[in-house]
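# An overview of the molecular structure
Next come the chains, spelled out residue by residue.
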Amino acid sequence: MDHSRVDAYLHRIGAERPAAPTAEALRALHRAHLRAVPFENLSVHFGEEVVLEPAALVAKVVDRRRGGFCYELNGAFAALLGALGFEVTTLQARVVGKDGRPGIPYDHMALRVRTVDGGERLADVGFGAFCAEPLAYDERGEQRDPAGAFRIEDAEHGDLLVLQDGRPQYLLDRRPRELRDFEAGSWYHRTSPASHFTKSLVCSRSTEDGRITLSGHTLTTTAAGQRTQHTLDSDAAVLAAYDQHFGIVLDTLPPEPESTED
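Everything numeric in this text was worked out from a predicted model, so none of it was measured.

## What about the sheet that holds strand β6 (residues 143-145)?
What links the strands of a sheet is backbone hydrogen bonding, and the strands pair in either a parallel or an antiparallel sense. Taken together, the 8 strands give an open sheet; going across it, the order is β5-β4-β3-β2-β9-β8-β7-β6, and neighbouring strands pair in antiparallel fashion. Whereas interior strands pair on both sides, the edge strands pair on one side only; in this sheet they are β5 (135-136) and β6. Bridging between strand β4 (residues 120-123) and β5 involves 2 bridges; their strand directions are antiparallel. Paired with Leu122 across the two strands is Leu135, which belongs to β5. In this fold helix α5 (residues 70-83) packs onto β2 (87-95), β3 (108-114) and β4, with an angle of close to 20° to the strand it touches most, β3.

Right under this line is the structure:
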């Protein structure tokens, strides 16, 4: 990414260019990204190809003003951070299901980021309602965050277990990975009937005091701990909501799966 491309990305997320790749700069970029770029799986339902190459991911976020799911969001964010001087390592994780069992390998992508002043952080802008700020990667005690209480625990075989409010979220492999390593996981999530993403339609981002999510014709807003739902009565209203709340301009709606989840 050249200087002008970095500026375009920073403008997209409403962030200033940091003077140095510090821990505070990473926190500011992380929060800005979560508020500006939605977690969404519209490409799955539009049948769009997901190209796991930095330039393509950045173009989707910056030029098309779209979001994406973990591989896309953290892949694009990694490109931005690298261009700003952060040392970024891509990690694979297995998401822990409601039954307590980890999912497929390369189920999720997260980032280990080294700053010039603050050691290493676990950054993740691609897991939906998750930490608002990067977590201290080597800290094993509780870490308070606007999104809850987080903990990183040592697990078997050298892995790390990441918990939010006491609930396991994903099992993180410490070994460095390449972006192309996630192609099989991305294909699975776009095509398998067992994938959460083929069974649900979601567009969601954090807000100053909560979160806003559009799932099918249902708009869910959480503000100051209060959750409200509103059913949009027409396709035109849904298209307007995508534009108003997420900055996504669509000509047509993606086809909805038989059941949607917010």
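## Some details on the packing of aromatic side chains
As enumerated under the stated definition, the model contains 9 aromatic pairs in all. Seen from their ring centres, Tyr106 and Phe182 are 5.3 Å apart, and the 85° between their planes marks the pair as edge-to-face. Here Tyr106 is found in the loop between β2 and β3, whereas its partner Phe182 is found in the loop between β9 (167-172) and α6 (183-191), with 76 residues between them in sequence. Grouping residues by exposure puts Tyr106 and Phe182 together as buried. Relative to Tyr170, the ring of Phe130 has its centre 5.5 Å away and its plane inclined at 40°; by these criteria the two rings are tilted. Note that Phe130 is positioned in the loop between β4 and β5 and Tyr170 in strand β9, a separation of 40 residues in sequence. Accessibility expressed as a relative area gives 5% for Phe130, which makes it buried. Among the aromatic residues, those joined into a ring-pair cluster are Phe39, Phe69, Tyr71, Tyr106, Phe182 and Phe197.

## Considerations on the sheet that holds strand β11 (residues 210-215)
Here 5 strands make up an open sheet; going across it, the order is β1-β10-β11-β12-β13 and the pairing antiparallel. With partners counted over all chains shown, the strands left at the sheet margins are β1 (39-40) and β13 (226-231), one partner each. As judged from the 2 bridges shared by β1 and strand β10 (residues 203-207), these two strands associate in the antiparallel manner. If you follow Glu40 over to β10, its bridge partner there is Cys203.

## Structural notes on the side chain of Gln164
The topology assignment puts Gln164 in strand β8 (residues 160-164). Here Ala147 takes part through its backbone oxygen, which lies 3.3 Å from a polar atom of the side chain of Gln164. Setting aside residues up to four positions removed in sequence, Gln164 forms contacts with Ala129, Phe130, Ala147, Ala149, Phe150 and Gln169.

## Some details on the environment of His157
The topology assignment puts His157 in the loop between β7 (148-154) and β8. Once the C-alpha coordinates of His157 and Asp173 are considered, the two residues, 16 residues apart in sequence, prove to be 9.0 Å apart.

## Let's talk about empty space enclosed by the protein
Using the criterion set out here, one finds 1 cavity of 30 Å³ or more in the structure. Of the volumes computed, that of the largest cavity is approximately 50 Å³. Taken together, Leu34, Val37, Pro38, Phe39, Val125, Gly128, Ser204, Arg205, Ser206 and Arg211 form the lining of the largest cavity. When residues of the lining of the largest cavity are assigned to their parent elements, the largest contribution, 3 residues, is made by β10.

## Overview of the pattern of salt bridges
Across all of its chains, the model carries 17 salt bridges by this definition. With a shortest N-O distance of 2.7 Å, Glu24 and Arg27 are connected by a salt bridge. In this pair, Glu24 and Arg27 are both assigned in helix α2 (residues 23-36), 3 residues apart and thus about one turn of the helix distant. Taken together, the shared-partner salt bridges connect Glu40, Glu48, Arg64 and Arg66 into one network.

## Details of the nonpolar core
Counting residues in each nonpolar core, the largest one holds 42 residues, and the members touching the most others are Tyr9, Ile13, Leu29, Phe77, Leu80 and Phe86. Taken together, the elements giving at least two residues each to this core come down to α1 (3-13), α2, α4 (54-62), α5 and β3. Here this core takes 9 residues from α5, the largest share from any one element. Apart from the residues lying within four places of it in its own chain, the contact partners of Tyr9 are Met1, His33, Val58, Val61, Val62, Ala76, Phe77 and Leu80.

Scoring rules and cut-offs
- Residues numbered from 1 in each chain as written.
- Predicted model: local features only at pLDDT ≥ 70, side-chain atom pairs only at ≥ 80, totals over all residues.
- Heavy atoms only, no water.
- Pairing = 2+ DSSP bridges.
- Helix = DSSP H or I, 4+ residues; strand = E, 2+ residues; numbered from the N terminus.
- Contact = heavy atoms within 4.5 Å.
- Axes fitted to C-alpha atoms, helices over the stretch in contact; angles between N-to-C directions.
- Phe/Tyr/Trp six-rings, centres within 6.5 Å; stacked < 30°, edge-to-face > 60°.
- Buried < 20%, exposed > 50% of the residue type's maximum accessible area, 1.4 Å probe, protein only.
- Polar contact = N/O pair within 3.5 Å; in protein donor to acceptor, adjacent residues only side chain to side chain.
- 1 Å grid on protein atoms, 1.4 Å probe; cavity = no way out; pocket = protein on both sides within 12 Å on 5 of 7 lines; lining within 4 Å.
- Points joined across faces, edges and corners; volume = space filled by probe spheres on them.
- Salt bridge = Lys/Arg side-chain N within 4 Å of Asp/Glu carboxyl O.
- Core = buried A, V, L, I, M, F, W, Y, C linked by side-chain atoms within 4.5 Å.

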